[in-house]
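# Notes for the structure review
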Amino acid sequence: MIAAIIMMVIVAAIVGSITIITTRSSERSVDAARRVSNEATIQTAVTRVLYAYQNDLGSEQDYYRLDEDDLKQVTQVTGAQARVLKPADLPGLPRELQTVDQVWEHIGSGGSYRLQPVSQPLFNVIVEESIDIAPSVCTGAGLPASVCASGGVKAYWEMYRLIMPDVTGNEPPNVVVYLRSWLGSPVARAYSKASYARAELRPGRFADYQQISDGNVRLNSGASINGPVHSNGLGDASFSTVAQAPAGMGSRWIYGEPGVSCVGDASLSIAVGKIAVPGCRSVGATGQTISFLRAIDSIRSIRVAKSKGRPNVDVYASNVQPGPLSGPYDSAWGVVFSGRRMTVQYPGGGSRSVGLSRVNAFVFDRDVRVRGNVAADTRVTIAAERGGVDANGVQITTGGPGSATIFIDGNLTKGDDVTSSIGLIAQGDVVLWMYKDVNSGASVCNAYTVQAAMVAATGGLTIPSRYTTNELQTAAPRCPGKVTIDGSVAGHRPPLLVWKWPSGDKAGYTGTRDYRWDKELKRNPPPYFPLTGAWQPFQVRDANTDCLFDPARLSDPTCR
């Protein structure tokens with residue numbers, strides 16, 4: 001009798017176990033079918049979102065949000081038979097599909113960082129897609145067969161949650177978008193349960209390129225290209241005088257002299273025009289222009305971050321009137337890096353020691369001279385801008401007329417090849433400083449190693465302008481040592497570190513000039529560095545819904 005009872009309990013337990021397993025298996029089957037039904041929808045959604053970001057419809061200033069007008073523009077351009085709706089436009093839409101989450105950002109550092117919602121909510125906008133849906137996929141997603149057979153089933157998606165790029169240095173600086181998708185028939189008032197996908201989208205940055213120029217690019221004999229080089233094809237923007245253009249180099253060219261080699265990630269692209277560099281991989285004329293106005297946008301972003309009280313972000317202004325820059329630099333700011341400290345030297349005298357964190361960004365209201373070594377695990381951007389607009393869009397009058405220049409007046413290096421980076425954003429030129437000592441007549445040349453990503457919005461990487469004139473400068477300094485530029489260079493004009501006069505006299509860094517792209521800048525770019533407009537999906541996969549619906553884990557940035 002006891003044995004029979006034990007056997008009955010065992011059988012019941014087995015049957016119960018089978019029932020639970022079967023139920024869970026069925027749920028997993030439905031979930032799998034639902035994901036399959038929504039896969040095409042998610043792919044379409046990612047394509048549309050990428051297009052919107054590439055065209056600045058959801059820029060950094062907009063918290064990377066896309067509103068109703070943005071999505072209408074995107075759907076009109078990237079494909080017909082799509083509608084942009086609001087939840088109220090879909091009769092019978094379940095309550096759980098009528099609300100979205102919000103925009104989040106990273107705060108803190110090290111092991112104590114977390115996510116927090118920002119003041120700007122997501123727009124609650126739904127996109128209806130006319131995608132062919134097989135009846136089996138429709139029923140597999142959980143809709144009744146009668147609804148699936150009606151032919152009125154549409155696919156829907158929306159941006160459910162958005163995480164802004166991490167400027168704290170804890171995560172890759174990518175945009176994370178959680179997309180929600182489902183199938184449904186507004187006529188039948190029937191909708192499937194939603195699936196959630198996590199799309200990590202990487203914005204292209206100026207630092208992704210070894211060199212960017214608005215105009216012609218001349219690659220000298222012996223140059224080794226190890227990263228992407230791009231020209232916007234704006235003709236003669238690259239040379240101050242016709243005499244500086246190499247023979248046979250026409251307008252809108254990327255030109256390479258014999259002996260140029262391409263290695264590693266080297267590639268050449270131009271928006272409009274021709275490329276003449278034998279033996280190097282050429283992307284060709286892409287039609288895509290990289291706007292240098294984005295450098296000014298980056299400076300504005302730093303000002304906005306300062307207005308919001310972000311740590312280690314500051315804006316420096318002085319009432320000292322600017323004048324011609326000379327040996328004492330009496331009108332420029334001075335920045336000297338030493339590990340995790342930065343000494344700021346004020347125009348007219350005085351200094352301040354500033355501690356650096358993992359992520360730092362500073363705007364100065366006039367010319368800046370910079371040198372020193374930045375510690376490992378430290379990212380810092382120095383920007384120079386006269387005028388412009390502040391965080392509230394108000395015109396700035398300090399700093400005097402003209403465009404601000406960044407002068408590199410000594411070696412500028414970083415403490416680690418992977419974890420640290422230096423960014424320079426100049427409204428005008430980035431200048432390798434040099435001069436003649438008035439007493440000895442010797443050339444003073446201190447900037448032989450530069451490890452930085454540099455952007456010269458309206459100028460270029462160059463030597464002081466007093467030595468780049470048509471009139472011969474007999475007292476021009478000459479620096480014969482090897483110059484190493486290890487990072488990224490972008491400018492309205494390409495680099496110009498040697499100036500030649502018809503007489504044969506030269507000025508500048510006349511020795512070997514070794515340009516290299518630092519590919520680690522793709523992993524750890526300088527903070528608030530300009531975007532190129534080219535976006536790519538870094539990773540798209542099913543979302544971990546525990547991160548979306550468990551209140552205890554909502555702010556955990558490691559929950560994915």
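Refer to the structure printed above.
A short tour of the structure in this document, coming up. The structure displayed is predicted, hence computed values, not measured ones. (Residues numbered from 1 in each chain as written. Predicted model: local features only at pLDDT ≥ 70, side-chain atom pairs only at ≥ 80, totals over all residues. Heavy atoms only, no water.)

## A closer look at the overall build of the protein chain
- What the protein chain contains, in helices and strands, is six helices and 38 strands.
- Counting every position in the protein chain, which comprises 560 residues, the buried fraction comes to 51%.
- The long-range fraction of contacts in the protein chain, counting pairs at least 24 apart against all pairs at least 6 apart in sequence, stands at 69%.
- Accessible surface computed for the protein chain: about 24400 Å², of which carbon and sulfur atoms make up 51%. (Helix = DSSP H or I, 4+ residues; strand = E, 2+ residues; numbered from the N terminus. Buried < 20%, exposed > 50% of the residue type's maximum accessible area, 1.4 Å probe, protein only. Contact = heavy atoms within 4.5 Å. Areas by Shrake-Rupley, 256 points an atom, 1.4 Å probe, with all protein chains shown as cover.)

## Here's the deal with the side chain of Arg379
- Note that Arg379 resides in strand β24 (residues 379–384).
- At 6.5 Å, Asp166 is the nearest oppositely charged side chain to Arg379, a buried residue that forms no salt bridge.
- Reaching out from Arg379, the side chain makes a polar contact with the backbone oxygen of Pro525 at a distance of 2.8 Å.
- Excluding its chain neighbours within four sequence positions, the residues that come into contact with Arg379 are Gly169, Arg358, Val359, Asn360, Thr419, Ser421, Asn524, Pro525, Pro526 and Pro527. (Lys, Arg positive; Asp, Glu negative; His and termini not counted. Salt bridge = Lys/Arg side-chain N within 4 Å of Asp/Glu carboxyl O. Polar contact = N/O pair within 3.5 Å; in protein donor to acceptor, adjacent residues only side chain to side chain.)

## Quick word on unusual backbone geometry
- One non-glycine residue, Tyr63, lies in the positive phi region at around 60°.
- Here Tyr63 shows up in the loop between α1 (2–54) and α2 (68–78).
- Its identity is not glycine, yet Tyr64 carries a phi of approximately 60°, on the positive side.
- Locating Tyr64 in the fold gives a position in the loop between α1 and α2.
- Tyr64 sits in the buried class, given a relative accessible area of 3%.

## Some remarks on empty space enclosed by the protein
- Taken as a whole and assessed by the stated rule, the structure comprises two cavities of 30 Å³ or more.
- Within this model, the largest cavity holds a volume of roughly 40 Å³.
- What lines the largest cavity is Leu66, Leu71, Phe123, Val125 and Met159.
- Grouping the amino acids of the lining of the largest cavity by side-chain chemistry returns five nonpolar, no polar and no charged. (1 Å grid on protein atoms, 1.4 Å probe; cavity = no way out; pocket = protein on both sides within 12 Å on 5 of 7 lines; lining within 4 Å. Points joined across faces, edges and corners; volume = space filled by probe spheres on them. Nonpolar A, V, L, I, M, F, W, Y, C, P; charged D, E, K, R; others polar.)

## Brief notes about the environment of Ser443
- Checked against the element boundaries, Ser443 lands in strand β29 (residues 443–445).
- Residue class for Ser443 comes out partly exposed when judged on its relative accessible area of 30%.
- Separated by 36 residues in the primary sequence, Ser443 and Cys479 place their C-alpha atoms 6.8 Å from one another.
- If near-sequence neighbours (up to four positions away) are discounted, Ser443 is found in contact with Tyr435, Lys436, Pro477 and Arg478.

## A look at the state of the cysteines
- Going through the model one piece at a time under the given rule, you end up with four disulfides.
- One disulfide in the model links Cys262 with Cys280; its S-S distance is 2.0 Å. In this structure the cystine formed by Cys262 and Cys280 twists about its S-S bond by roughly 100°; its chirality is therefore right-handed. Of this pair, Cys262 sits in strand β14 (residues 261–262) while Cys280 sits in the loop between β16 (274–276) and β17 (282–285), placing them 18 residues apart in sequence. (Disulfide = S-S within 2.5 Å.)

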